[in-house]
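Examining the three-dimensional arrangement
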Amino acid sequence: MTVDERSRVSAPLRPGTIGDSPVRPDGIEKVQGSYAFSSDLSADGCLFGATLRSPHPYARIASIDVSGAWKISGVEAVIDASDVPGQITYGLIAEDQPVFASEFVRYVGEPVAAVAASDPETARRALDAIEVTYEVLTPLLDPEVAIAGDHPLIHPDGNVIRHQRIVHGDPAASGDIVVEGTYEIGMQDQAFLGLEAAIAHPDPGGDGVELHVATQWLHEDQKQIAACLGMPVDKVRLVLGGVGGAFGAREDISLQVHTCLLALRLGRPVRMAYSRAESFLGHVHRHPATIWMRHHATAQGRLVNIEARFVFDGGAYASTSSAVLTNGITMTQGPYRCENGTVDGFAVRTNHLPCGAMRGFGAVQACFAYESQMDKIALAAGISAEEVRLRNAMRTGDLLLTGQPVLNVAPVEDCIRETAALPMPDEPVGGFAMPDGSPDAMRLPGGAGRTADAPDIVRGVGWGVSIKNLMYSEKFDDYSTARCRLSDGVATIKFATAEVGQGFITIAQQIARTILGVDDVVLDRIDTGVGSAGSTSASRQTWMSGGAVDAACRAARERLFEAVGAAYGLEPIQLMIDGTDVVDTIGDLRIPVSEASAGLEIDETFEYHHPPTEELDENGQGNCHTAFAFVAHRAVVDVDPELGLVKVVQIATAQDVGNALNPLSVIGQIEGGIAQGLGLALMEEIIQIDGVIRNPNFTDYLLPTFLDMPPVVATLIEQPDPHAPLGAKGVGEPPCISSTPAVVAAIRDALRKAGVDRPLERVPVRPSDICF
Amino acid sequence: MTVAVPNTLTDAVQLLEEHPSAFLLGGGTDAMVEINDGHRRPDEMVIALNRVADLRSWRHDPTAGTVTIGAGVTYTELMEEPLASLLPALAEASRTVGSPQIRNAGTLGGNLGTCSPAGDGLPVLAALDAEVLLVSSHGRRTVPVQDFMVGVKRTSIEPGELIAEIIVPLRTGWQGYAKVGVRNAMVIAVASACLAVDTDARRIAIALGSVGPTVMRCPDAEDHLSNAVDWSSGTVSDDALGEFARLVSAASTPITDHRSTADYRRHAVGVLGRRLARRAFTQGATT
Amino acid sequence: MSNEVFTLRVNGIDHDVADSWLGESLLDVLRDRIGLMGSKGACTQGECGSCSVMVEGSLVCSCLVMGATAVDQEIVTIEGIAPVGAPSDVQQAFVDAGAVQCGFCTPGLVMAVHDLLERTGSPTDTEIREELAGNVCRCTGYGRIIDAVQQVAVRRGGSA
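Quick caveat: nothing in here was measured; it's all calculated off a predicted structure. (Residues numbered from 1 in each chain as written. Chains lettered and ligands numbered in written order. Predicted model: local features only at pLDDT ≥ 70, side-chain atom pairs only at ≥ 80, totals over all residues. Heavy atoms only, no water.)

Counting its regular elements, chain B contains twelve helices and 16 strands. The C-alpha radius of gyration computed for chain B amounts to 19 Å, which stays within 12% of the reference 19 Å derived for 287 residues, consistent with globular compactness. In terms of overall dimensions, chain B has C-alpha extents of about 65 × 45 × 30 Å along its principal axes. Burial analysis of chain B (287 residues in total) assigns 59% to the buried set. (Helix = DSSP H or I, 4+ residues; strand = E, 2+ residues; numbered from the N terminus. Rg over C-alpha atoms; globule rule 2.2 N^0.38 Å. Buried < 20%, exposed > 50% of the residue type's maximum accessible area, 1.4 Å probe, protein only.)

This part is about the pattern of salt bridges. Counted according to the given criterion, the structure contains 83 salt bridges over all chains. The partner of Arg 237 of chain A in a salt bridge is Asp 203 of chain A, and the shortest N-O contact between them spans 2.9 Å. Taken as a pair, Arg 237 of chain A in strand S13 (residues 236–240) and Asp 203 of chain A in the loop between strand S11 (197–202) and strand S12 (209–213) lie far apart in primary sequence, 34 residues in all. Between Asp 125 of chain C and Arg 129 of chain C there is a salt bridge; the shortest N-O distance is 3.0 Å. Here the residue Asp 125 of chain C and the residue Arg 129 of chain C both occupy positions in helix H4 (residues 125–131), the gap between them amounting to four residues, near one helical turn. (Salt bridge = Lys/Arg side-chain N within 4 Å of Asp/Glu carboxyl O.)

This next bit is on the packing of helix H11 (residues 385–392) of chain A against helix H12 (residues 412–421) of chain A. Residues and elements named next belong to chain A. Packing of H11 against H12 brings their axes to within 9 Å, and their N-to-C directions diverge by 155°. Considered as vectors, H11 and H12 are oriented roughly antiparallel to each other. In terms of crossing hand, the pair formed by H11 and H12 is left-handed. Facing H11, whose interface residues are Glu 386, Arg 389 and Leu 390, H12 presents Glu 413, Ile 416, Arg 417 and Ala 420. Looking at the contact of H11 with H12 residue by residue, the classes come out as three nonpolar, no polar and four charged. (Axes fitted to C-alpha atoms, helices over the stretch in contact; angles between N-to-C directions. Parallel < 35°, antiparallel > 145°, perpendicular 65-115°, else oblique. Left-handed = near helix turned anticlockwise from the far one by under 90°. Contact = heavy atoms within 4.5 Å. Nonpolar A, V, L, I, M, F, W, Y, C, P; charged D, E, K, R; others polar.)

A word on the pairing of strand S11 (residues 175–180) of chain B. Of all six residues in S11 of chain B, six are buried, a share of seventy percent or more. Burial of S11 of chain B is two-sided: the residues Gln 175, Tyr 177 and Lys 179 of chain B facing one way and the residues Gly 176, Ala 178 and Val 180 of chain B facing the other way are all buried.

As a further point, take the interface of chain A and chain C. If you look at the interface, chain A gives 53 residues, while chain C gives 53 residues. At the boundary of chain A with chain C, total buried surface from both sides reaches about 4200 Å², with 59% on carbon and sulfur atoms. When the buried surface of chain A facing chain C is broken down by residue, Gln 32, Leu 193 and Phe 706 of chain A rank first, second and third, together holding 21% of it. Viewed at the interface, chain C and chain A are joined by five salt bridges. Residue Arg 443 of chain A pairs with Asp 125 of chain C through a salt bridge whose shortest N-O separation is 3.0 Å. (Buried area = accessible area lost by both parts, 1.4 Å probe.)

On to empty space enclosed by the protein, then. Here the structure, examined in full by the defined rule, presents twelve cavities of 30 Å³ or more. The computed volume of the largest cavity comes to approximately 180 Å³. Lining the largest cavity are 18 residues, and of these Arg 24, Leu 664 and Ser 665 of chain A together with Gly 98 and Val 100 of chain C lie nearest its centre. Among the elements that make up the lining of the largest cavity, the one with the highest residue count is helix H16 (residues 663–682) of chain A (four residues). Here the lining of the largest cavity is composed, by residue class, of six nonpolar, eleven polar and one charged. If you go around the second largest cavity, you meet 15 residues; those closest to its centre are Tyr 90, Gln 97, Tyr 107, Ile 253 and Gly 282 of chain A. Of the residues in the lining of the second largest cavity, the class split is nine nonpolar, four polar and two charged. (1 Å grid on protein atoms, 1.4 Å probe; cavity = no way out; pocket = protein on both sides within 12 Å on 5 of 7 lines; lining within 4 Å. Points joined across faces, edges and corners; volume = space filled by probe spheres on them.)

The subject of this paragraph is the nonpolar core. In summary, soluble globular proteins display a tendency toward joint burial of nonpolar side chains. Counting 148 residues, the largest nonpolar core has Ile 747 of chain A together with Phe 94 of chain C as its most contacted members. The leading source of residues in this core is helix H10 (residues 363–381) of chain A, at eleven residues. Those residues in contact with Phe 94 of chain C that lie beyond four places of it in its chain are Val 31 of chain A together with Ala 99, Val 100, Thr 106, Leu 109, Val 113, Ile 145 and Ala 148 of chain C. One finds Val 33, Ala 105 and Val 145 of chain B together with Leu 64 of chain C within the second-largest nonpolar core, a separate group that totals 91 residues. (Core = buried A, V, L, I, M, F, W, Y, C linked by side-chain atoms within 4.5 Å.)

The next thing to look at is helix H2 (residues 89–96) of chain C. In an α-helix, one turn spans 3.6 residues, which is why side chains three or four residues apart end up on the same side. Within H2 of chain C, burial applies to Val 90, Gln 91, Ala 93, Phe 94 and Val 95 of chain C. Packed against the buried residues of H2 of chain C are helix H2 (27–32) of chain A together with helix H3 (106–119) and helix H5 (143–156) of chain C. Phi turns positive one or two residues past the end of H2 of chain C, at Gly 98 of chain C, with a value near 75°.

All names here are of chain A. Two numbers describe how helix H13 (residues 504–516) lies on helix H14 (residues 541–568): the axes approach to 9 Å, and their chain directions differ by 30°. Relative to H14, the element H13 lies roughly parallel. Where H13 crosses over H14, the two elements pack in a sense that is right-handed. In this structure, H13 uses Phe 504, Ile 507, Ala 508, Ile 511, Ala 512, Ile 515 and Leu 516 to contact H14, whose residues at the interface are Gln 541, Thr 542, Ser 545, Gly 546, Val 549, Asp 550, Cys 553, Arg 554, Ala 556 and Arg 557. By residue class, the composition of the contact of H13 with H14 is ten nonpolar, four polar and three charged.

All names here are of chain A. According to the domain assignment, chain A contains domain 1 (38–137 + 195–243 + 250–282), domain 2 (289–472 + 616–771) and domain 3 (479–609). Contact residues are listed per partner, giving 21 residues for domain 2 and 17 residues for domain 3. Interface area for domain 2 against domain 3, summed over the two sides, is near 1500 Å², with a carbon-plus-sulfur share of 65%. Our count for the domain 2 to domain 3 interface comes out at zero salt bridges. Taken together, the links from domain 2 to domain 3 amount to five residue pairs in polar contact (both at pLDDT 80 or more). Per-class residue counts for the side of domain 2 that touches domain 3 are eleven nonpolar, seven polar and three charged. (Domains from an automatic or database assignment. Polar contact = N/O pair within 3.5 Å; in protein donor to acceptor, adjacent residues only side chain to side chain.)

What follows is about the interface of chain C and chain B. Contacts between the two partners involve 37 residues from chain C and, on the opposite side, 33 residues from chain B. The junction of chain C with chain B conceals about 2800 Å² of combined surface from both sides, 57% of it contributed by carbon and sulfur atoms. The three residues of chain C that bury the most area against chain B are Leu 22, Leu 64 and Met 66 of chain C, which together make up 25% of that side's buried surface. For the pair chain C and chain B, the interface holds three salt bridges. Note that Glu 131 of chain C and Arg 103 of chain B form a salt bridge whose closest N and O atoms lie 3.7 Å from each other. Between chain C and chain B we count ten residue pairs in polar contact (both at pLDDT 80 or more) in total. Looking at the side of chain C that touches chain B, the elements with two or more residues in it are strand S4 (58–61), H3 and H4 of chain C.

Next comes the structure, spelled out in structure tokens:
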């Protein structure tokens, strides 16, 4: 954005434009319950699909007998691996995951077969009637065993998905302070509420299919589905069904190929929908990780050298483990300056649930480790948690341990200082007293369980600061496309950007209104009828799809100026948009855009690319990331040291957002992301015992409720980034990254005040970790 | 396929006599979870009890010193006055149950019928020595709640019987409930306890949940604290409270599962016991 | 008494239900038999509140109500809260306050907030949190929702 345009925008803000917080265009439908999520879609004559899944973490399939299913009235199709016409495996990076298991099942929940029936109940009974004979094998469950090569290969591609080292500077550099720890991060689930669902409509000739699905990346799904169906890509059309949250879980294929296969086999529409228990099995999860770190620092707490070893358990199939590993290890130093480092990183294959993208994508795990280390350095140096971070804070131009300079705006010190300036909660331990003087029981740890009284509680404060890469890395060209049509004062924008709740559709309208000077912006259906927008992930859509919409609108605006110029004998370059008018900056002409665009049919499509990145060499050196954003979190928690229960009282944050295109939406992302960070700190974990998930439900996989989430106080640090097309950085992931270690640090602080020292080197923290 | 929605207890009992394997449905908050998950399915008949008026009322008998609660009374109703003041521990336990949605549907009778060791109302009923009235077409019988709760999700109900009422003795003295869960709302208890003071009899009762196959009382702990309290001043020493906690922990027989460990549960229930006792009595001098 | 066909009164209209299987929840009857898709199923255990409806004026999880037992009861769903295109004050406040992101939890939350404000005209922050604890949202972190509730309470005449 040019300086002139910025000053235009920051003068009286025209409602609905960039910088305003207009309401989302699908808001009314959503509050009235008429918005169509993919699970609300249906069709006449539609059949219902269901998936048969492996009960074993590792087994050989000896036989599959589907005859029992066929005997059930209402069953119309039964398919398995032998029914896949095209490529029998798929995957985001390596195509190592079977559509249906044929010889081996490698995780509990792996699809083995699918049925289509007249209704869900019949489909369920049909699944029960399929007999699969398994030869149970010894599963590989320990990542160290995989690394050591002590288990037979559980997959032809090997038991180690990726091994990457980083070597930078002087490996022997040391300092007066040496602190180390081994940190464990449990498996978190994205737990979006809108369960997986899709409906496939086969083309009459059976040579094509249209799939309506809730997903994050239409074109990547399209590519993988087409390969498995053995069809040309243009024969597989995807339409975005309403998405009930994603957080990374929809980046991998789940039910897409199965639904299409059934529909094509039967020549009739087929719907598929997962239950919550099935959803826990049917999508990838956050990688559990074990991270050892040893930090060397000066007596003043300045970082000298970092040694680290990362092990990510990728589960049965590769998914995006390779990229998650890169993200994790390249963030080893955190948002801090450090000249020396040696990192060993492994992403391994086990017979656990497959892992892949979840908001934060490797940076979450790294951050818990390095922020815990920074607190240890602070203690050793006798300085505060804030001070150790300020002393080491990164600035623009500083290098990662990969040798990559951070060229973006890098206001780490501002993030810390602005967070520190936010008021501490005035609410005393146990909350303000009730009108009758009694304590407000709901404000104490234990909440509704009434386990404590105020004297049992100690309050603590903790910090977390983090860095996150934006967009994709390691030479991946994750471009985005947008199409802008302008006619008679109405702009119509088309993109394949998956709206998953984050509000891209809102800012797309704002961008168009700002650039084109129209109020009326229509959003076309989100489908594969326009070029790829890349994935809704990696905090990338505001930058990439925002950039594409911005560029497409600018191109359309150029066409408009050419038309006006031709009509009035002016040079397009002397024209600009002011409010809702086309204005001659030199002369007197001022005409409404609606009038200027009357009778025109402007149609511009733009493909927005970010600059290319590099791969990492064998020493992990290379400019592999596209851009970076920063954030600081301060958590205030009340702890019951005897019972190990925690109540988060407040989370304060200052986040580096560049330019808040829609401040209310940014706050929404911040608060929502912090809730997920809090969840990882205190309660969210998929528990697998002997490779079997024990808590595939919301009774035992706990999400933060209204009573668990505290008020959030936030400052937006708006230093527009010159690299970003709108000055705006992505905001979705940073909130869930350093909020986790901030909460844990606050618990440690509270316990120290109670005279208790607990390392708390694992998340989620369990009550027994606190009280024993 | 039949779902019966009787309006009277007589009709309900008659239906059950005719269809002894019928699926009994109270508030649905336990049963529907199992049906939705596919773990249980009604075979031939469902008898819904939520419209039986007789089961949805309660009465206070001052002469007998009891409150009789219909099996269909919901947690929300247990939290309303004047019932909440008559049985404050039951109101507290009800408040810890899930959410308004669950409290509006879940019933005390259903809690008892499911007989999970984590059932929130059950430690209260055990601590207060409640009795369960069971009704069938053959007659009625009253069973002490401790004898009714036999094991994990097992009661001593006979085929053809319905839980009709729960008779709860009123106590003079403090009573309260607490439960431990990992988050601050909507949790299944990892450990829970109800402590009830009977100032007339000069006795403490404490019942524990989630630390054994069924809700349990703690005779040794109760004896200890009942004797340690200075009843004239209503105080007890810190040392006595500490010993009470130790005895409560010792009485528990918890397991390790995906929700928590035996060690933590044993520890937590002792802490709950001590804190409930501390709430009940003002602090005395340490002896 | 056979229940192969039963009638439910939803939002003031009688709906005849056929082909319901024995044990089917009210949520599934509303969505799959009657075609009212506004109530959502996200957990089918009563843990998330996305399926919340009013039965005889009482807020319940429709996934925990057996559909066939809800006969002769007034059922109100999200579709019955306000006419299409004329949202209630609660619904409008949700939109205005930024309390809607993906929207999957929203119908259930709107029901719960309507219920809360019927019972408590000016709820405190704690009361809002406790009474809405049965409604889980994964997107918003709850802040804007609480804001929306307080806005409605103020406008209706309570004090924040």
